[in-house]
Amino acid sequence: MSQLAPQLRALEELDSQDGHMTRAADSLGIPQSSMSRRIHALEKTLGVRLLTQEGRTVRLTPAAVQLAGQARRPLRELEATIETIAGEADPEHGTIRFGFPLTMGAGVVPRLVTEFHRRAPGIRLQIKQAHGSELAADLKAGTLDVAVVIPPPGNVDHVVIGGQHIRVVLPAAHPLAARRRLRLDELRDETFIANPASYHLRQATEIWCRDSGFTPHVPVEITEFSTIRELVGRGMGIALLPHDEHTSRKVREIPLIPNTYQRQIALAWASTAVTPAARRLLTFLRAEWSAGA
């Protein structure tokens, strides 16, 4: 039973790598042969089949997926505890799994990440961008330590640190592109380009438009915000999006009135965020945002 933890860690990593044995072994820093032995030993211990072979592809059985999911959080917490104990004498090093939203790929978050790395070059950052529900799920599972999340996640420790104002993005040649401000009800006859319905910004867009007396016409749904801007610039429609410092000349961003169309930004952390490195990042981000980052 002394080998159960490394065996479970091997299974959890194999699940995270979608059944790619070589990638999972590389991630753990062990030979592929050792990876296979750990999985087979776990199968023998449990008396259940964990892998199936489909040609050259290895797939996890439903039992293996369930076990990996259940083991993920306690394994991450154990690793964080070990890293905390080992790292107390060396707070300048460690690894932080950090996430932030797709809508914040330019501006404040990259600037703060750069500044944190300058101050703590020995701390390794593993960064992920995703939409809010995925970041929240990763925090709950312990696969992320710290994240900036929109909207604030339920059932995850967090603090609201700011707001993200939403603007109308129009083609540069649009008749309303010269306006300094716009009311949302002035856009009732426009074609909207938006995220899929599962995205928070799409849900907010639907609510805001409904409160303004209309249902937005959304014939095109796209996950990537940069692609939405590209299609707006090509005249396919308009969009409600957060400010982008690198906006193309093909589009115009116009603030909405009243100035109430915004989303809360939260700084959230998992139970694994107990290492000196993670605590340092949390302290840094809270201080910088409070100072007007």
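Look a little higher up for the structure.
Note that the structure is a prediction, hence the values are computed from the model and not measured.

So, on to the packing of helix H2 (residues 21–28) against helix H3 (residues 32–46). Orientation of H2 relative to H3, taken along the N-to-C sense of each, is 100°, at an axis distance of 9 Å. Considering their axes alone, H2 and H3 lie roughly perpendicular with respect to each other. For the pair H2 and H3, the contacting residues are Met-21, Thr-22, Ala-24, Ala-25 and Leu-28 in the first and Gln-32, Met-35 and Ser-36 in the second. Of the residues belonging to the contact of H2 with H3, the class tally is 5 nonpolar, 3 polar and no charged.

The computed volume of the second largest pocket comes to approximately 320 Å³. With 4 residues, strand S6 (residues 157–171) is the single largest residue contributor to the lining of the second largest pocket. Residue composition of the lining of the second largest pocket, by class: 7 nonpolar, 6 polar and 2 charged.

Counted by the stated rule, this structure contains 1 cavity of 30 Å³ or more. The computed volume of the largest cavity comes to approximately 60 Å³. What lines the largest cavity is Phe-192, Ile-193, Ala-194, Asn-195, Leu-201, Arg-202, Thr-205, Ile-228, Ala-239, Leu-240 and Leu-241. Of all the secondary structure elements, the ones that give two or more residues to the lining of the largest cavity are strand S8 (191–194), helix H7 (200–211) and strand S10 (239–242). A per-class count over the lining of the largest cavity returns 8 nonpolar, 2 polar and 1 charged.

A few words now on the pairing of strand S4 (residues 123–130). In the sheet, strand S3 (residues 94–101) pairs with S4 via 8 bridges, with the strands oriented parallel. Each bridged residue has a counterpart across the sheet, and for Ile-96 the counterpart in S4 is Leu-125. In terms of handedness, the path from S3 via helix H5 (residues 108–119) over to S4 forms a crossover that is right-handed.

Each value, and the rule that gives it
Residues numbered from 1 in each chain as written. Predicted model: local features only at pLDDT ≥ 70, side-chain atom pairs only at ≥ 80, totals over all residues. Heavy atoms only, no water. Axes fitted to C-alpha atoms, helices over the stretch in contact; angles between N-to-C directions. Helix = DSSP H or I, 4+ residues; strand = E, 2+ residues; numbered from the N terminus. Parallel < 35°, antiparallel > 145°, perpendicular 65-115°, else oblique. Contact = heavy atoms within 4.5 Å. Nonpolar A, V, L, I, M, F, W, Y, C, P; charged D, E, K, R; others polar. 1 Å grid on protein atoms, 1.4 Å probe; cavity = no way out; pocket = protein on both sides within 12 Å on 5 of 7 lines; lining within 4 Å. Points joined across faces, edges and corners; volume = space filled by probe spheres on them. Pairing = 2+ DSSP bridges. Right-handed = clockwise from strand over helix to strand, strands pointing away.

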